[in-house]
Amino acid sequence: MNNDGGKTSHIEIVQNPDVIEFLKSCSFMREPTGDEIDEIINSFVSVGDFSGEALPENLITVNSSSYEAHVRDDIPYTNVGYIKLVTTLLKNNELLALAKDKFIDPFRVAKLMDEKETIPFVLPSSNVKYEDCDTIVESFRRALDDFFEKTRESKSDRRTSLKSTLFWLASYADGNDIGKIVLHKCPYDDCDQLNVTVLDIEEEQYCPKCGRRIYATDRLRLYEEVDDFAPSNQGALGRLKKLLRHVYLAHLLRMVRLNNRENSLKVLNDLAIIINGPLAVMGTAAWIHSCLMKIINEINVEMRNKGYSDLLIIGVINEGQMIFAYANLIRKHILNETILCVSDEFRDKYINYNRQASSTTFGAETYYGQDFIWKTSNGNIIIFDLPYFTKDKSSKLSFKTDKSDYTKYNNLYRALRLLQEMRSDMDSSSITPLVISKHYTAISMEPGSKVLDLLSKNHIIE
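The model shown is predicted, which means the values in this text are computed figures rather than measured ones.

Novice: Which parts of the structure should I look at to understand the side chain of N63?
Specialist: Position of N63 relative to the elements: it lies in strand 2 (residues 58-70). The exposure class assigned to N63 is buried, which follows from its relative accessible area of 2%. A polar side-chain atom of N63 sits 2.8 Å from a polar atom in the side chain of N276.

Right, dumping it as structure tokens:
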């Protein structure tokens, strides 16, 4: 087919004087020069010696991926969503031994990964209804709630369900009893009932006004991103994929406390939890970030009182974040073995390119961790998050200043030693545990996704 028409269209745009004038009036991010380079270099500080920091015995990685499978090739936009959540328990000494080898033995890696838990989750995405639901939105809501109910550490104990963890999180947000969630309104568009209560029970529950089913997971409001008439609901799946990492972090902390009542603090002291991505919860479930701040701070206070270190929770940031792109832009100017605890001022001026300062602080409604940019001794750039050191952000002015003071993060040097010891030769911006975790989490385009397509086609009820 002749594409000359398309080329002509491009030429018409490129040569259009209005387009040229518009582009001339735009400014853009550029690589720093001169005094800017000096200012950036001076923003980084030497990390000092952290070789004597004690490493935890155990590491848990939390990662997830999503994929939207086609049910019928001859009927477009009929899809089922798959989400794969993988948590992996790794022994620190085994990982260190593996890292010293010149060549990675795949059999040893496979043995290391024996202690992993894979939680698959299937959701109706577009043009697919679940059970007797009338709409795709309702189907998504019910399937999501079922998943939270059925995901349990002990199948016979509801207290170990992901749903009970959601109630636990909500109690920190709303100040309610752990067994109660209050929805801001009925999830049905044509019902205006406010403050609808959902209890932590297995029985079906209904809106007191319209009489239709309500679910505890409606508190996440993910259904607001689902469209009955959209050709795809990949956006909602992607949001859920990332959200589950943070809900599962809360679940892990809760299960350690529940199952180790006598020595839970010791267990937590010997544990590092590595999250793929920033310590932040975006979108309609952003309220969870403040709950995690309170929970982490609450546990840290107990641990300090017993002479233990703070919780070691690290979010490792890779591609897809602006801070990652910027750090690699300036990496040649940064000195090895220096670190930047990113301030709002630095972010607004450089990373977000002369953005007007926020009246509050960056990530005020979403982040529960602080961004760090670290250039290692061998010149690699690693961007990571550590949990904030306070239970909330109520003192806005002091928090905005204090959060970028690296000396306030008690576990910084411990985190640096872990990141240093676990650095990956396969991915210079990541660490070995997370690289291994990603391998087992990814729903690859070939052949994994084709298998899911076939599975969906063979088992969807006509």
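Let's pick the thread back up.
Novice: Which parts of the structure should I look at to understand helix 6 (residues 136-150)?
Specialist: Each full turn of the α-helix corresponds to 3.6 residues, which orients residues three or four apart in the same direction. Here helix 6 contains 15 residues, and its C-alpha end-to-end distance of 21 Å stays within 8% of the 21 Å for a straight helix at 1.5 Å per residue. Burial analysis of helix 6 places 14 of its 15 residues in the buried class, the great majority of the element. Two or three places before E138, at the start of helix 6, stands the capping residue T135, its side-chain oxygen 3.0 Å from that residue's backbone nitrogen.

Novice: So what exactly am I meant to see when it comes to helix 11 (residues 322-330) here?
Specialist: The complete set of buried residues in helix 11 reads I323, F324, Y326, A327 and I330. Along its buried surface, helix 11 packs onto helix 3 (35-43), strand 10 (312-317), helix 12 (344-351), strand 12 (369-375) and strand 13 (381-387).

Novice: Would you take a moment to explain empty space enclosed by the protein for this structure?
Specialist: Empty space among the atoms can be located by rolling a probe the size of a water molecule over them. Per the stated rule, a full pass over the model turns up two cavities of 30 Å³ or more. Roughly 110 Å³ of internal volume is contained in the largest cavity. Contributions of two or more residues to the lining of the largest cavity are made by helix 10 (288-305), strand 10 and strand 13. For the lining of the largest cavity, the residue count by class is nine nonpolar, three polar and three charged. The space that makes up the second largest cavity amounts to roughly 40 Å³. Lining of the second largest cavity is provided by V342, D344, R347, F362, Y367, G369, Q370, D371, Y388 and K403. Here the lining of the second largest cavity takes three residues from strand 12, the largest share from any one element.

Rules of the game
- Residues numbered from 1 in each chain as written.
- Predicted model: local features only at pLDDT ≥ 70, side-chain atom pairs only at ≥ 80, totals over all residues.
- Heavy atoms only, no water.
- Helix = DSSP H or I, 4+ residues; strand = E, 2+ residues; numbered from the N terminus.
- Buried < 20%, exposed > 50% of the residue type's maximum accessible area, 1.4 Å probe, protein only.
- Polar contact = N/O pair within 3.5 Å; in protein donor to acceptor, adjacent residues only side chain to side chain.
- Expected span 1.5 Å × (residues − 1).
- Contact = heavy atoms within 4.5 Å.
- 1 Å grid on protein atoms, 1.4 Å probe; cavity = no way out; pocket = protein on both sides within 12 Å on 5 of 7 lines; lining within 4 Å.
- Points joined across faces, edges and corners; volume = space filled by probe spheres on them.
- Nonpolar A, V, L, I, M, F, W, Y, C, P; charged D, E, K, R; others polar.

Any functional reading would require information beyond the geometric quantities listed.
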